[in-house]
Amino acid sequence: QVQLVESGGGLVQAGGSLRLSCAASGRTFSSYIMGWFRQPPGKAREPVATIQSSRSTYYADSVKGRFTISRDNAKNTVYLQMNSLTPEDTAVYYCAADPSLGLLVRPTSIAPRHWGQGTQVTVSS
């Protein structure tokens, strides 16, 4: 069983930055595809970014060039660096993990096996 705990959310002004962290339990972290999803108010949950390794990542079009996903397998942690934030980035952000490459290559079509509890990100204008 994999348990995921997010941290780093909060309130930030438009144009600002935040870094989310997700700490994972378990000894097989490096074998999992990790990802970040978000759910804006009144909308469906959507994938933001996923990662297998630094050279194998996925980004939603809306965050390309502004967000960076990374992972540290030695610390069982995945990060999401968010820059140039806009009010449209306001959402609950969820960490996710799945052993399948589907989370990397078709994250809009897969339901990850493991989820964190979510962390709120609010961007004020």
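Residues numbered from 1 in each chain as written. Predicted model: local features only at pLDDT ≥ 70, side-chain atom pairs only at ≥ 80, totals over all residues. Heavy atoms only, no water.

Trainee: Please explain the nonpolar core as it appears in this structure.
Mentor: When a protein is soluble and globular, its nonpolar side chains tend to lie buried together. If you look at the biggest cluster of nonpolar residues, it comprises 29 residues, and the most contacted ones within it are Met34, Trp36, Leu80, Met82 and Tyr93. Elements supplying a minimum of two residues to this core: β3 (18–24), β4 (33–39), β5 (46–53), β7 (67–72), β8 (77–82), β9 (91–98) and β11 (119–124). Apart from the residues within four sequence positions on either side, Leu80 is in contact with Leu18, Arg19, Leu20, Trp36, Val48, Ala49, Phe67, Thr68, Ile69 and Tyr93. Counting residues in hydrophobic clusters, the runner-up holds six residues, among them Ile33, Ala96, Leu103 and Ile110. (Core = buried A, V, L, I, M, F, W, Y, C linked by side-chain atoms within 4.5 Å. Buried < 20%, exposed > 50% of the residue type's maximum accessible area, 1.4 Å probe, protein only. Helix = DSSP H or I, 4+ residues; strand = E, 2+ residues; numbered from the N terminus. Contact = heavy atoms within 4.5 Å.)

Trainee: So what exactly am I meant to see when it comes to the state of the cysteines here?
Mentor: Note on terminology: disulfide describes a covalent bond linking the sulfur atoms of two cysteines. If you walk through the whole model with that rule in mind, you get one disulfide. For Cys22, the disulfide goes to Cys95, at an S-S distance of 2.1 Å. Taking the torsion about the S-S bond as the criterion, the Cys22 to Cys95 disulfide, at about -80 degrees, is left-handed. With Cys22 in strand β3 and Cys95 in strand β9, the pair connects residues that are 73 residues apart, well separated along the chain. Using a relative accessible area of 0% as the deciding quantity, one classes Cys95 as buried. (Disulfide = S-S within 2.5 Å.)

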